[in-house]
Amino acid sequence: MNVEHKMFAKKLAGGLVVAALTLSIGIAQAADFNLRAVANSNENDEDYDGLVVFKDFVEAHSNGKIAVDLFIGTQLCANGTECLQALEDGSVDIYISTSGGAANMFPYVQVLDLPYLLRDDRIAEAVLMGDFVREMRADILKDSDDSIRLMTIGNTGGWRNFANTKRPVKQPSDMKGLKIRTVVADLPQELVKAMGASPTPIPWPELYTSFQTGVVEGSKNGITDIMGMKFTEAGLKYVTLDGHAYMAALWYMNNESFLDMPDDLRRVIVDGFSALQQATFASPKRKSIQAYQDFNKAGGSLYVPTPGEKDQFKAAAMPVYSWFEENVKSGSKYYKLLVAEATKAEQAIAENYKSDLQ
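Residue positions are given per chain, counted from 1 along the sequence in the order it is written. The model is predicted, so local features are restricted to residues of pLDDT at least 70 and side-chain atom pairs to those at 80 or more, both for listing and for counting; the totals for chains, interfaces and linings are taken over all residues. To obtain the side-chain values, all non-hydrogen atoms of the structure were used and water was disregarded.

Our focus in this paragraph is the overall build of the protein. Here a strand is any run of E in DSSP of at least two residues, a helix any run of H or I of at least four, and the numbering for each starts at the N terminus. Per the secondary structure count, the protein includes 13 helices and nine strands. Each principal axis of the C-alpha atoms in the protein carries an extent, and together these give about 85 × 50 × 45 Å. Counting all 358 residues of the protein, 48% fall into the buried class. Long-range contacts, defined as pairs at least 24 residues apart, comprise 75% of the intrachain contacts of the protein with a sequence gap of at least 6. Counting only carbon and sulfur atoms, one obtains 52% of the accessible surface of the protein, whose full area is about 17,000 Å². Charge counting follows a simple rule: Lys and Arg are positive, Asp and Glu are negative, and His as well as the terminal groups are ignored. Charged side chains are reduced to one point each, which is NZ for Lys, CZ for Arg, CG for Asp and CD for Glu. Both charge centroids of the protein, one from 36 positive and one from 46 negative side chains, sit 5 Å from each other. Throughout this description, buried means an accessible area under 20% of the type-specific maximum (1.4 Å probe, protein chains only), exposed means over 50%, and partly exposed covers the range between. Contacts are assigned to residue pairs that have any heavy atoms within 4.5 Å of one another. For accessible areas, the Shrake-Rupley method is used with a probe of radius 1.4 Å. Any residue's cover is judged against the shown protein chains and nothing else.

What follows deals with the packing of aromatic side chains. Put simply, two rings from Phe, Tyr or Trp (the six-membered ring, in Trp's case) pair if the centres are within 6.5 Å, and we call them stacked under 30 degrees between planes, edge-to-face over 60, tilted for the rest. Applying the stated criterion across every chain yields a total of nine aromatic pairs. Centroid distance Trp159 to Tyr246: 5.1 Å. Interplanar angle 75°. Geometry classified as edge-to-face. Of this pair, Trp159 sits in strand β4 (residues 148-164) while Tyr246 sits in strand β8 (residues 238-254); the two residues are 87 residues apart in sequence, bridging distant segments of the chain. Here Tyr246 falls in the buried class, since its relative accessible area comes to 3%. Grouping aromatic residues by their ring pairs yields a cluster made of Phe106, Tyr108, Phe132, Tyr252 and Tyr334. Either the NZ atom of lysine or the CZ atom of arginine qualifies as a charge over a ring when it sits within 6 Å of the ring centre and within 35 degrees of the ring normal. Positioned above the aromatic ring of Phe258, the side-chain terminus of Arg266 is 5.9 Å from the ring centre.

Looking now at helix α12 (residues 307-327). To estimate how far a helix should reach, multiply one less than its number of residues by 1.5 Å. The end-to-end C-alpha distance of α12, which contains 21 residues, comes to 31 Å, matching closely the 30 Å that a straight helix rising 1.5 Å per residue would cover. The sharpest bend along α12 comes to roughly 35°, located at Ala317, with the proline Pro319 sitting one to four residues further on. By the burial criterion, the buried members of α12 are Glu309, Phe313, Ala316, Ala317, Val320, Tyr321, Trp323 and Phe324. Its buried side turned inward, α12 meets α7 (186-194), β8, β9 (301-303) and α13 (331-356). To get the bend at a residue, fit one axis to the 7 residues ending there and another to the 7 starting there, then take the angle between the axes.

Ranked by size, the top nonpolar core spans 59 residues in total, and within it Phe132, Met136, Ile153 and Tyr252 carry the most contacts. At the level of elements, α3 (80-89), α5 (121-128), α6 (131-143), β4, α7, β8, α12 and α13 are the ones that each hand at least two residues to this core. Looking at this core element by element, the count peaks at seven residues for α12. Apart from residues no more than four positions distant in its own chain, Tyr252 is found in contact with Leu84, Leu87, Asp93, Ile94, Tyr95, Ser97, Ala102, Ile140, Ile148, Arg149, Leu150 and Met151. The next biggest cluster of nonpolar side chains, apart from the first, holds 24 residues, and it includes Ala37, Ala39, Ala249 and Phe258. In plain words, nonpolar cores are sets of buried Ala, Val, Leu, Ile, Met, Phe, Trp, Tyr and Cys residues tied together by side-chain atoms within 4.5 Å.

Turning next to the side chain of Asp139. Positionally, Asp139 belongs in helix α6. In this structure Asp139 comes out as buried when scored by relative accessible area, which is 9%.

One way to put it is that α12 packs onto α13 with a least axis distance of 6 Å and a crossing angle of 135°. With respect to each other, α12 and α13 are oriented oblique. Taken together, the residues of α13 that come into contact with α12 (itself represented by Tyr321, Phe324 and Glu325) are Gly331, Ser332, Tyr335 and Lys336. Helix axes are fitted to C-alpha atoms over the stretch in contact, other axes to C-alpha atoms as well, and angles between N-to-C directions run from 0 to 180 degrees. Reported orientations rely on four angle classes, namely roughly parallel under 35 degrees, roughly antiparallel over 145, roughly perpendicular from 65 to 115, and oblique for the rest.

Of note, Tyr116 is a non-glycine position whose phi angle comes to about 65°, a positive value. Phi at Ser330 takes a positive value of approximately 60°, unusual for a residue other than glycine. Here Ser330 falls in the partly exposed class, since its relative accessible area comes to 29%.

A few words now on empty space enclosed by the protein. Space inside and on the surface of the protein is sampled on a 1 Å grid over the protein atoms alone, with a cavity defined as a set of points where a 1.4 Å probe fits but cannot get out and a pocket as an open set with protein on both sides within 12 Å along at least 5 of 7 lines; lining residues have an atom within 4 Å of a point. Grid points are joined across faces, edges and corners, and a volume is the space filled by probe spheres set on the points. This structure, assessed with the given rule, holds one cavity of 30 Å³ or more. Approximately 40 Å³ is the volume attributed to the largest cavity. Contributing to the lining of the largest cavity are Leu112, Leu114, Tyr116, Leu117, Leu118, Trp159, Gly243, His244, Ala245 and Tyr246. With four residues, β8 is the largest single contributor of residues to the lining of the largest cavity. When residue character is reported, Ala, Val, Leu, Ile, Met, Phe, Trp, Tyr, Cys and Pro are called nonpolar, Asp, Glu, Lys and Arg charged, and the others, Gly included, polar. A breakdown of the residues in the lining of the largest cavity according to their chemical character gives eight nonpolar, two polar and no charged.

Right, let's talk about the pattern of salt bridges for a bit. Should the charged atoms of two oppositely charged side chains come close, the side chains can pair. Salt-bridge detection follows one rule: a side-chain nitrogen of Lys or Arg within 4 Å of a carboxyl oxygen of Asp or Glu. Scanning all chains against the criterion turns up 14 salt bridges. Between Asp93 and Arg36 there is a salt bridge whose closest N-O contact spans 3.0 Å. Of the two residues, Asp93 sits in the loop between α3 and β3 (94-97) while Arg36 sits in strand β1 (residues 33-39), which places them 57 residues apart along the sequence. The partly exposed category is assigned to Arg36, whose relative accessible area is 30%. In this structure, Asp263 and Arg266 form a salt bridge, with 3.7 Å as the shortest nitrogen-oxygen distance. Remark: Arg266 and Asp263 occur in helix α11 (residues 263-297); sequence separation between them is three residues, near one turn of the helix. Classification of Asp263 as exposed rests on a relative accessible area of 58%. Each member of the salt-bridge network shares a partner with another, and the members are Glu135, Asp139, Lys142 and Lys333.

This paragraph deals with the layout of surface pockets. Taken as a whole, the second largest pocket spans an internal volume of roughly 440 Å³. Arg119, Asp120, Asp121, Trp159 and Gly243 are, among the 27 residues lining the second largest pocket, the residues nearest its centre. Of all elements in the fold, only α5, β4, α9 (223-228), β8, α11 and α12 reach the threshold of two or more residues within the lining of the second largest pocket. Its residues assigned to classes, the lining of the second largest pocket comprises ten nonpolar, eight polar and nine charged.

Encoded structure:
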């Protein structure tokens, strides 16, 4: 290549770089809506996986009209109550919480913690993709004066199981006297009491040292959380795969931020949350494979209850349903709704088997 050609090529390359930079800057400046999304977790969590999918989907499908900034951890707000207040006043646009994290503001969301109502992933996912979420959305909007909008419900860690540092748990009587860590919310404490154990509210960041010191002797966690926090190194050894609660994650959006968008961009947001939901459904299934392997390597002991033993756990939990219906706002409504939606999903899957198994 002669000198003139080299100079031309250099100018052309420089021009292309400038054009690309100008285009990228133009896209960044073209965002009509900037959304701040918060998850009080870390980048190894299912919540982060969901947000990455959401951000990519929304920014691409809106042609850059929507920009999503992710705040992972406690940069903007530190806990459920604080973050929901920030969502309410508009300083945060998107937030994810467990049902326990939102129980102070919307007590009925604790229905998702009622034990043994959702049989497996297929049932849980069918329920959380249907009218159950729409009904809860309407109540949350009403109770927040139309400021907080429930967008979808995904998963954050698989299924809650009983785990402890002391002994194998094969039936409820084996839990008698164990100090089990719970969140501050009433429902999980009622469940632990029903099993004959002692509920002990402990903040999540303090749980590792609480296992080490014996302040608590057990917890209600999924395997990915157990291994992600290295609880085996703090003495957690026994896990009973009773699968008493699906670890639901409620994804909220500031309603004004949503309604300020034109219909076509609202559709992108709704579709983005659907993609996020699918990502959070899948993420714990994949991560749990390695987590169970790591648990075994760390000397952990897994126990799968027999059908008869599972029935004993369900029977022991019965007082929790009555407590929920009698003591929680709209408790009876949501208990019956969840049972009805789960039954509907079970029947639909049973019908499908008739064709799928032939």
